Amino acid sequence: MSAAWTVLKEQINHFYLVRRLSAYEMKSANSGNYLGILWEIINPMIQIAIFWFVFGFGIFNREKVDGHDFLPWLMAGIVVWFFVNPATTQASKSIYSRLTMVSKMSFPMSVIPTYVIVAKLYQHFMLLGVIIVLLATTGYLPTVYIVQLPYYILAALILLVSFGLITSTLSTIIRDVNNMVAALMRILFYLTPILWVLDAKDHPLIVQIMKLNPLYYIVEGYRASLLGESWYFIENWEYTLYFWFVVIVFFLIGSSLHVKFRDRFVDFK
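Numbering of residues starts from 1 in each chain and follows the order in which that chain's sequence is written. In keeping with the predicted nature of the model, local features appear solely for residues at pLDDT of at least 70, side-chain atom pairs appear and are counted solely at 80 or more, and the whole-chain, interface and lining totals rest on all residues. Only hydrogens and water are set aside when side-chain values are computed; all heavy atoms of the structure are taken into account.

**Q** So what's going on with the nonpolar core? Residues and values would help.
**A** Take the buried residues of types Ala, Val, Leu, Ile, Met, Phe, Trp, Tyr and Cys, join any two whose side-chain atoms come within 4.5 Å, and each joined set is a nonpolar core. Each residue is placed in one exposure class: buried if its accessible area under a 1.4 Å probe, protein chains only, is under 20% of its type's maximum, exposed if it is over 50%, and partly exposed if it falls in between. Ile78, Val79, Trp81, Ile117, Ile218, Tyr222 and Leu226 are the most contacted members of the largest nonpolar core, which has 69 residues in total. In terms of residue count, helix 4 (residues 70-92) provides more of this core than any other element does, 14 residues in total. Between two residues, a contact is recorded if the distance between any of their heavy atoms is within 4.5 Å. Ignoring any residue separated from it by four or fewer positions in sequence, one finds tryptophan 81 in contact with Pro86, Met185, Leu188, Phe189, Ile194 and Leu215. The secondary structure listing takes helices from DSSP runs of H or I that are at least 4 residues long and strands from runs of E that are at least 2 residues long, numbered from the N terminus.

Spelled out as structure tokens, the structure:
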């Protein structure tokens, strides 16, 4: 518990630094491109078009999903993935890829995965704005339910930071962990209701197993917000409690591992 409190204080006390470093991270990642940060919107939109063609128009020919047109339903869910996937994989290797600068840093190493994730959050905001506009053009104008969207964004951010503490520490000690994280994310893409949805009445056990994945909660929360469905976190309050339980466990484990090994990170260079 003391490790968790230490890391939490470091995050709060260096919040301004996280903002500056994340802004620099975002700019430097796109500095060599003519279109710059626009690629953070162009690439996801190309992928959305491909998924719509294959799953909604082509092979699977799914016009409706869960009562919604397939394209709006897809956009409202997959926008989460375009934040979670790169944020998780980049956070995993954030510390060991910066070991040359670790000995020269005047700030705690626990903020490294945090600012890498926040850099992806800025890009997420831009893509989310585009998605909201596109949803409006397809008939899904913002409703009162959209006010809960900041809650799910914050929930996703805290989840990623907590998990990032675990993966960034383990990846620094054992490089193979980063490859394992990348493989896990490929699996989670199909274990999260982004391209599919199961009826809980027809497949109750499978749906309950799928809900063990905390990303399920985030994706469904985004859909409830963007498509104007419900107050998801209230109507599913048991699932909300489960989600935050998982986040707290991740943070406690990640903080403990990070504080235990960070003094020896340079030894793994």
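**Q** Go over the environment of methionine 185, please, and point to the residues and values.
**A** For methionine 185, the position within the fold is in helix 8 (residues 176-191). Measuring from C-alpha to C-alpha, the distance between methionine 185 and threonine 89 comes to 8.1 Å, with 96 residues separating the pair along the chain. Apart from residues lying up to four places away in sequence, methionine 185 is in contact with Trp81, Val84, Asn85, Thr88 and Thr89.

**Q** I'd like to hear about a nonpolar patch on the surface, residue by residue, with values.
**A** Like-charged residues are merged into a patch within 9 Å and nonpolar side chains (Val, Leu, Ile, Met, Phe, Trp, Tyr) within 5 Å, provided each residue has over 30% relative accessible area and no salt bridge. Accessible surface is estimated by sampling points in the Shrake-Rupley manner with a 1.4 Å probe; for residues, cover comes only from the protein chains shown. By definition, a salt bridge exists where a carboxyl oxygen of Asp or Glu is found within 4 Å of a side-chain nitrogen of Lys or Arg. A cluster of nonpolar side chains, Met1, Ile248 and Leu252, forms an exposed patch at the surface whose accessible area comes to about 340 Å². Owing to a relative accessible area of 77%, methionine 1 belongs among the exposed residues under this scheme.

**Q** Would you mind going over the side chain of serine 110 in detail, with residue names and values included?
**A** Secondary-structure assignment places serine 110 in the loop between helix 5 (99-102) and helix 6 (111-137). By the criterion applied in these results, polar contacts are pairs of N or O atoms within 3.5 Å in which, for protein atoms, one can donate a hydrogen and the other can accept it, and in which residues neighboring in sequence qualify only through two side-chain atoms. At 2.6 Å, the side chain of serine 110 and the side chain of glutamate 10 are in polar contact. Serine 110 has contacts with Val7, Glu10, Gln11, Leu165, His258 and Arg262, leaving out every residue within four places of it along the chain.

**Q** So, the packing of aromatic side chains: which residues are in play, and what are the values?
**A** Centre distance within 6.5 Å is the pairing criterion for rings of Phe, Tyr and Trp, where only the six-membered ring of Trp is used; planes under 30 degrees apart are then read as stacked, over 60 as edge-to-face, and the remainder as tilted. Per the stated rule, a full pass over the model turns up 16 aromatic pairs. Between tyrosine 217 and tyrosine 232, the ring centres sit 5.9 Å apart and the planes meet at 55°, which makes this aromatic pair tilted. Here tyrosine 232 lies in helix 11 (residues 232-235) and tyrosine 217 lies in helix 10 (residues 214-226), a separation of 15 residues in the sequence. As far as burial versus exposure is concerned, tyrosine 217 and tyrosine 232 are alike and both buried. Centroid distance tyrosine 217 to phenylalanine 243: 4.7 Å. Interplanar angle 20°. Geometry classified as stacked. In this pair, tyrosine 217 is assigned in helix 10 and phenylalanine 243 in helix 12 (residues 237-261), connecting sequence segments 26 residues apart. A connected cluster of aromatic rings, assembled from ring pairs, spans Tyr151, Tyr152, Tyr216, Tyr217, Tyr232, Phe233, Tyr239, Tyr242, Phe243 and Trp244. Whether a charge sits over a ring comes down to the Lys NZ or Arg CZ being within 6 Å of the ring centre and within 35 degrees of the ring normal. Sitting over the face of the ring of tryptophan 73, arginine 223 holds its NZ or CZ atom 3.6 Å from the ring centroid.

**Q** How would you sum up helix 6? Please name residues and give values.
**A** Taking 1.5 Å as the rise per residue, helix 6 with 27 residues should run 39 Å; its terminal C-alpha atoms sit 39 Å apart, in good agreement. Positioned one or two residues after helix 6, glycine 139 has a phi angle of 105°, which is positive. Take the residue count of a helix, subtract one, and multiply by 1.5 Å to get its expected span.

**Q** Give a description of helix 8 that names residues and reports values.
**A** Between its first and last C-alpha, helix 8 extends 23 Å over 16 residues, near the 22 Å set by a 1.5 Å rise per residue. Where helix 8 is concerned, the buried positions are Val177, Asn178, Val181, Met185, Leu188 and Phe189. Axial view of helix 8: buried residues confined to an arc of 130°, hence all on one face. Turned more than 90 degrees away from the buried face of helix 8, the exposed residues are Asp176, Asn179, Met180, Arg186 and Tyr190. Here, the arc refers to the directions that run from the helix axis to the C-beta atoms.

**Q** For the pattern of salt bridges, give the residues involved together with the corresponding values.
**A** Summed over all chains, the structure comprises two salt bridges. In this structure, glutamate 220 engages arginine 223 in a salt bridge whose closest nitrogen and oxygen atoms are separated by 3.3 Å. You can see glutamate 220 and its partner arginine 223 sitting in helix 10, three residues apart, about one turn around the helix. Of the residues examined, glutamate 220 reaches a relative accessible area of 15% and is grouped as buried.

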